[in-house]
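# Structural features, examined
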Protein chains: 2
Amino acid sequence: MSTNWLVASTNRLVKLAGVVRDKEATKAKLLEAALDEFAEYGIAGARVDRIAAKAGCNKAMIYAYFGSKEGLFDQLLKIQIDHVVQSVPITPDDLPGYAGRLFDAYQEEPRLLRLAAYHRLENGFDTIPEPEAQAHRHKVEAIAQAQVEGKITAVFNATDLLDLVVHMSILAFSTPNASRDLVVRSVERLIAE
Amino acid sequence: MSTNWLVASTNRLVKLAGVVRDKEATKAKLLEAALDEFAEYGIAGARVDRIAAKAGCNKAMIYAYFGSKEGLFDQLLKIQIDHVVQSVPITPDDLPGYAGRLFDAYQEEPRLLRLAAYHRLENGFDTIPEPEAQAHRHKVEAIAQAQVEGKITAVFNATDLLDLVVHMSILAFSTPNASRDLVVRSVERLIAE
DNA sequence: CCGTACTAACTAACTGTTTGGTTGACAGAG
DNA sequence: CTCTGTCAACCAAACAGTTAGTTAGTACGG
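Bear in mind the structure is a predicted one, so any value in this text is a computation, not a measurement. (Residues numbered from 1 in each chain as written. Chains lettered and ligands numbered in written order. Predicted model: local features only at pLDDT ≥ 70, side-chain atom pairs only at ≥ 80, totals over all residues. Heavy atoms only, no water.)

With 90% of its residues at a pLDDT of at least 70, chain A reaches an overall mean of 89. Note on residues 1-18 of chain A: pLDDT under 50 across the span, and seven contacts to partners over four residues away in sequence or across chains. (pLDDT = per-residue confidence, 0-100. Contact = heavy atoms within 4.5 Å.)

UniProt tags residues 24-84 of chain A as "domain: HTH tetR-type" (unreviewed entry). The straight-line gap between the two end C-alpha atoms of residues 24-84 of chain A is 22 Å; of that span, 87% is helix and 0% is strand. (UniProt positions renumbered as here; feature names shortened; annotations may be inferred. Helix = DSSP H or I, 4+ residues; strand = E, 2+ residues; numbered from the N terminus.)

Quick look at the relation of the copies chain A and chain B now. Two copies of one chain are present, and they are related through a rotation about an axis combined with an axial shift. Between chain A and chain B, the superposition needs a rotation of 180° and an axial shift of 0.0 Å, giving an RMSD of 0.1 Å. The two molecules are tied by a two-fold rotation axis, judged by turn and shift. (Least-squares fit on C-alpha atoms with pLDDT ≥ 70 in both.)

Attention now moves to the interface of chain A and chain B. Each partner contributes to the interface: chain A provides 32 residues, whereas chain B provides 32 residues. Considering only the surface of chain A that becomes buried against chain B, L121, H167 and R189 of chain A emerge as the three largest contributors, covering 25% of it. Viewed at the interface, chain B and chain A are joined by zero salt bridges. Viewed at the interface, chain B and chain A are joined by 13 residue pairs in polar contact (both at pLDDT 80 or more). Secondary structure elements with two or more residues in the side of chain A that touches chain B: helix 2 (23-45), helix 7 (110-123), helix 9 (158-169), helix 10 (171-174) and helix 11 (180-191) of chain A. Looking at the side of chain A that touches chain B, its residues break down into 18 nonpolar, five polar and nine charged. (Buried area = accessible area lost by both parts, 1.4 Å probe. Salt bridge = Lys/Arg side-chain N within 4 Å of Asp/Glu carboxyl O. Polar contact = N/O pair within 3.5 Å; in protein donor to acceptor, adjacent residues only side chain to side chain. Nonpolar A, V, L, I, M, F, W, Y, C, P; charged D, E, K, R; others polar.)

Glancing now at the nonpolar core. Ranked by internal contacts, the top residues of the largest apolar core, which has 72 residues, are L95 and I143 of chain A together with L95 and I143 of chain B. Excluding anything up to four places from it in sequence, I143 of chain B contacts I90, P92, L95, I152, A158, L161 and L162 of chain B. (Core = buried A, V, L, I, M, F, W, Y, C linked by side-chain atoms within 4.5 Å. Buried < 20%, exposed > 50% of the residue type's maximum accessible area, 1.4 Å probe, protein only.)

Below, the discussion takes up the domain arrangement of chain A. Residues and elements named next belong to chain A. What the domain assignment reports for chain A is domain 1 (18-67) and domain 2 (74-193). Between the C-alpha centres of domain 1 and domain 2 the distance comes to 29 Å. Contact with domain 1, which involves 13 residues of that partner, is made by eleven residues of domain 2. The tally of links between domain 1 and domain 2 comes to two salt bridges. (Domains from an automatic or database assignment.)

Our next topic: helix 9 of chain A. All names here are of chain A. Under the 1.5 Å per step criterion, the end-to-end length of helix 9 is 17 Å for twelve residues, consistent within 8% with the ideal 16 Å. For helix 9, a buried count of ten out of twelve residues is recorded, marking the element as mostly surrounded by other parts of the structure. If you check which residues of helix 9 are buried, you get A158, D160, L161, L162, D163, L164, V165, H167, M168 and S169. The N-cap of helix 9, judged by a side-chain oxygen 3.1 Å from the amide nitrogen of T159 a few residues on, is N157. (Expected span 1.5 Å × (residues − 1).)

Let us now look at the UniProt feature "DNA-binding region" (unreviewed entry) in chain A. Taken from the UniProt record, the annotation "DNA-binding region" (unreviewed entry) applies to residues 47-66 of chain A. The straight-line gap between the two end C-alpha atoms of residues 47-66 of chain A is 15 Å; of that span, 75% is helix and 0% is strand.

On to the packing of helix 6 (residues 95-108) of chain A against helix 11 of chain A. Residues and elements named next belong to chain A. Between helix 6 and helix 11, the least distance of the axes is 8 Å, while the angle of their chain directions is 150°. Taken together, the axis directions place helix 6 and helix 11 in an arrangement best described as roughly antiparallel. At the point where helix 6 passes helix 11, the crossing takes the right-handed sense. Counting all contacts with helix 6, which are made through L95, P96, G97, A99, G100, R101, F103 and D104, the residues of helix 11 involved are R180, V183, V184, V187, E188 and I191. (Axes fitted to C-alpha atoms, helices over the stretch in contact; angles between N-to-C directions. Parallel < 35°, antiparallel > 145°, perpendicular 65-115°, else oblique. Left-handed = near helix turned anticlockwise from the far one by under 90°.)

Put into structure tokens, the structure is as follows:
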């Protein structure tokens, strides 16, 4: 037909909108839908049919791109954790601020906290992805260094201190309406000399 | 037969041991099996067949005694929470000790922490049983009273303070190998003048 | 016209829940 | 003591619906 160029052009436009035949766009839609589903229902409670429906694509795509329901969850969690790890760098000489920024990240994306909690419950502590473990070691090292330099308290060892700060940042998990101010002030008192 | 009295006696003994035809014993076995199952797999992940098998009785008994899978979970959670609430009374003038004793309770029965976490994730904050809410209000009041009497710090209001202490006591949820000492020392520093 | 993103239809296994029937304990009559 | 009727505790099997995962074919883009 003489309208071939027009059709092609239309498809290209549509493709940019991520509606048809775009592998990466489809994966992205599946991941977004999976974030919704897994955060709400957990791994065992999530339903692949709902994820596909929410993403507006076929269920078989999940298996083509992620292998299995668990594969989808694992990749999703990795992406989300990488994102928060990179967007909230540790500031060893301002741990209250670090806790506050972690708190902010969880407020901005509450699904992440639920995702991580479900992962912990269903997979235990053993299954920590290596990049995350490495990031954790780096943070411990940074805190230890700040302690050596006398910038922050040494009443807690570096590992315990990081654990405490991170734990305070997830205060919203155990308490509704937990405020950022409460988290920050708590860490301030924990590290006060 | 002339051994009828013996048979009857045997049955009575067996009944005392809770092996046959003992409603309360069966309920208890189901609850214990349910604690195992729900703590490990969560509500959505738990399987009634596994619970019945673990309890050594038919799964129809679950529906006879608890109505449904969720009914079984609800009753189980209520019992467990009541137990910890009663066995660990609050000591407003010794909050570090209170946090430590809560920590001990969770160490002694780690399944409780998992049970409560799954409940929070799958039912949200709204679904707090009234007895628990009442116990919570009582604790806030006790802390407020201690603050009025000048026994403990007033840098946090009573509600926040209770939330912080409870949150510290579940440190083991976010950190493997969390120590009792770390929990106690953290609360000490939080309430230090 | 080829490769591949995509889909509808399918399956085999598993899910919570119910049902109909069985069994053991016990009270009262003989 | 023995027999028997009753009732609650119990179980095996079946139920209807749902599940994760598969497959064979379609159609689009290059």
